[in-house]
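The primary structure of each chain is shown beneath.
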Amino acid sequence: MLKRFVGAIDQGTSSTRFAVVDAGGAIVAMAQAEHTQIFPGPGLVEHDALEILARVQATAAAALAQAGLVAADLAGVGITNQRETTVLWDRRTGRPLHNALVWQDTRVDRLVARYAASGGRDRFRAVTGLPLASYFSALKLQWLLDNVPGARELAQAGKALFGTIDTWLAWNLAGGLHVTDVTNASRTQLMDLRTLAWCPELLAAFNIPAACLPRIVPTSGIIGTMRGAGAGVLAGATLAALVGDQQAALLGQACFDAGDAKNTYGTGNFLLMNTGETAVASTAGLITTVAYQLGDQPARYALEGSIAVTGALIQWLRDSLCIIKESAEADTLAAEVADSAGVYVVPAFSGLYAPYWRDDARGVITGLTRYADRRHICRAALEAAAYQTRDVVDAMARDSGVALSTLRVDGGMARSLPMLQAQADILGVAVVRPMVTETTVLGAAYAAGLAVGVWPDTDSLRAQWRMDRQIDPLLAADAREKLYAGWQRAVTKAFDLAD
């Protein structure tokens, strides 16, 4: 008898979720728990990998209990994860050698500059699809190997293991399996996009020993069985998918055709466009990445515009400036004013990602007058997500030759109607929100379910997509372009501010 349920681990930048998804694509149970954000200094962002593992175990137990199920009721489990975040651990003890270096961490800025001084920021782009930036894993791993006592020697001997969060979780949950999938491997800056294998020349350039790297597997496919002490309540379940969170959202939005695109609003914003079996090289500041690989089918690729800070800006208003008590209050305050009164917030806390790639940028608020108050700042913070998305959409049109007629959106900030209206207004196109906005969870479940036969093919998943709301633009074209020109001026004020 075919099992009807799939489990999905969604390990994100600020929290972990475990969901149970049924064969109809409905989330029947979900548990969530935040983990500690560690900021040792300006630009430094770390996570405790053991705390993250504990959150996975706890949310899995809570969600299964909520659904009245056990591991044996799950046809398979998929893992989706914050990408680029780098973990190095001792194979013998299972303990991390250092806190995980989060994708937002900028401690390798000097390494970026050193590598870029010989060959420029795009010196590895033809092989990896990525510019040199602090964002990706290779330089973070190099930093750990060079700065944690004894780490390089252990890694060279295969006694210290590297992984992004998917790899760390798979190793703990599945009895020591050291694997990653093609989507996460494509974010390390160590994998050749065309061969889908670790590139010896890149390993030599970044001084990374091959002995510490995981085996690369397809996104969807039976990987192993959950077992051992780390598996917890998931013991006995089949691990059937690994996928980076933004690629998971692409799957969850049923973007299976070339030209399909989605935008996820989370800690940051990530707009991906499926480009089919062609890895399209960007000339407009985007990155080329693996979208997914289903079993033994050819890999599909995507163009991506990565934005470091959107939802995190609202958290900053809440936790650091303390001008709101909860995130939803930003919507309420923003709706009380007709516009942002000329205020722009450029949240370059860790530099600016696509399409600028400016590690030297830092956050600024421009256009302040005595008239402006916290309502205008809240509105400008929501609009910052819309403006940054416009930057990426324009770049994507230049690279792909495809102008979006609608934009599919998801993620936590997609619940904000003021933000979605601003997005439609700034883009001048309709914004479409699906019935299920937890698309990273859904994508991990879909990838696992395809591997174990819960869904026969992608057509069956495409048929399950349903629209919840469409937001049409209300702003006149001339007003839109005037506001966007103001944003572009504000962005230039953020440049050259880092030490």
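Cut-offs applied
Residues numbered from 1 in each chain as written. Predicted model: local features only at pLDDT ≥ 70, side-chain atom pairs only at ≥ 80, totals over all residues. Heavy atoms only, no water. Helix = DSSP H or I, 4+ residues; strand = E, 2+ residues; numbered from the N terminus. Rg over C-alpha atoms; globule rule 2.2 N^0.38 Å. Buried < 20%, exposed > 50% of the residue type's maximum accessible area, 1.4 Å probe, protein only. Areas by Shrake-Rupley, 256 points an atom, 1.4 Å probe, with all protein chains shown as cover. Lys, Arg positive; Asp, Glu negative; His and termini not counted. Charge placed at Lys NZ, Arg CZ, Asp CG, Glu CD. Pairing = 2+ DSSP bridges. Axes fitted to C-alpha atoms, helices over the stretch in contact; angles between N-to-C directions. Parallel < 35°, antiparallel > 145°, perpendicular 65-115°, else oblique. Contact = heavy atoms within 4.5 Å. Nonpolar A, V, L, I, M, F, W, Y, C, P; charged D, E, K, R; others polar. Phe/Tyr/Trp six-rings, centres within 6.5 Å; stacked < 30°, edge-to-face > 60°. Lys NZ or Arg CZ within 6 Å of the ring centre and 35° of its normal. Salt bridge = Lys/Arg side-chain N within 4 Å of Asp/Glu carboxyl O.

### Thoughts on the overall build of the protein chain
Looking only at helices and strands, one finds 16 helices and 23 strands in the protein chain. Computed over its C-alpha atoms, the radius of gyration of the protein chain comes to 21 Å, within 12% of the 23 Å expected for a compact globule of 499 residues. Looking at the protein chain as a whole, 61% of its 499 residues qualify as buried. In the structure as shown, the protein chain presents an accessible area of about 17900 Å², 52% of it carried by carbon and sulfur atoms. Looking at charge distribution, the protein chain has the averaged site of its 43 positive side-chain charges lying 2 Å from that of its 48 negative ones.

### Some remarks on the sheet that holds strand S14 (residues 238-244)
The mixed open sheet is built from six strands, whose spatial order is S3-S2-S1-S5-S14-S13. For this open sheet the edge positions go to strand S3 (27-34) and strand S13 (220-225), each flanked by a neighbour on one side alone. On average, adjacent strands in this sheet sit at an angle of 25° to one another, irrespective of strand direction. Pairing between strand S1 (residues 5-11) and strand S2 (residues 15-22): seven bridges, direction antiparallel. The residue bridging Ala8 from the neighbouring strand is Ala19, located in S2.

### Description of the packing of helix H12 (residues 374-400) against helix H16 (residues 477-493)
Axis separation between H12 and H16 bottoms out at 11 Å; the angle between their running directions is 95°. With respect to H16, the axis of H12 lies roughly perpendicular. In this structure, H12 uses Ala384, Tyr387, Gln388, Arg390, Asp391 and Asp394 to contact H16, whose residues at the interface are Arg480, Glu481, Leu483, Tyr484 and Trp487. Classifying every residue of the contact of H12 with H16 gives five nonpolar, one polar and five charged.

### Side note on the packing of aromatic side chains
Taken as a whole and judged by the stated rule, the model has 19 aromatic pairs. Relative to Phe349, the ring of Trp316 lies with its centre 5.2 Å away and its plane at 50°, an arrangement referred to as tilted. Taken together, the residues Trp316 in helix H10 (residues 311-319) and Phe349 in the loop between strand S19 (344-346) and strand S20 (364-366) connect sequence positions 33 residues apart. Looking at Trp316, the relative accessible area reads 26%, which means it is partly exposed. For Phe349, a relative accessible area of 31% gives the class partly exposed. Taken together, a centroid distance of 5.1 Å and an interplanar angle of 80° make the contact between Tyr446 and Trp455 edge-to-face. A relative accessible area of 3% means that Tyr446 is categorised as buried. Trp455 sits in the buried class, given a relative accessible area of 3%. Taken together through their ring pairs, the aromatic side chains of Trp103, Tyr135, Phe136, Phe270, Tyr353 and Trp357 make up a single cluster. A cation over an aromatic ring shows up here: Arg390 above the ring of Tyr484, its NZ or CZ 4.0 Å from the ring centre.

### What about H10?
For H10, the full list of buried residues reads Gly311, Ala312, Leu313, Ile314 and Leu317. Elements in contact with the buried residues of H10: helix H11 (328-334), S19 and H12.

### Description of the packing of helix H9 (residues 245-252) against helix H14 (residues 439-452)
Between H9 and H14, the shortest axis-to-axis distance is 7 Å and the interhelical angle comes to 80°. In terms of orientation, H9 and H14 fall into the roughly perpendicular class. Packed against H9, whose contacting residues are Asp245, Ala248, Ala249, Leu251 and Gly252, the element H14 presents Thr439, Thr440, Leu442, Gly443, Ala444, Tyr446 and Ala447 at the interface. Classifying every residue of the contact of H9 with H14 gives seven nonpolar, four polar and one charged.

### Observations concerning the pairing of strand S8 (residues 160-163)
Where burial is concerned, the two faces of S8 agree: the one with Ala160 and Phe162 and the one with Leu161 and Gly163 are both buried. As paired elements, strand S6 (residues 87-90) and S8 share four bridges and run antiparallel to each other. In the strand pairing of S8, Leu88 is matched with Phe162.

### Quick notes on the pattern of salt bridges
Under the definition given, this model contains 28 salt bridges. In this structure, Arg187 engages Glu304 in a salt bridge whose closest nitrogen and oxygen atoms are separated by 2.6 Å. With Arg187 in the loop between helix H7 (182-185) and strand S10 (191-192) and Glu304 in strand S18 (residues 300-307), this residue pair connects regions lying 117 residues apart in the sequence. Here the two residues Arg187 and Glu304 agree in accessibility, since each one is buried. Salt-bridge contacts for Arg415 lead to Glu438; the nearest nitrogen and oxygen are separated by 3.9 Å. With Arg415 in the loop between strand S21 (406-410) and helix H13 (417-427) and Glu438 in the loop between strand S22 (430-434) and H14, this residue pair connects regions lying 23 residues apart in the sequence. Beyond isolated ion pairs, a larger network of salt bridges with shared partners links Arg83, Glu84, Arg187, Asp245 and Glu304.

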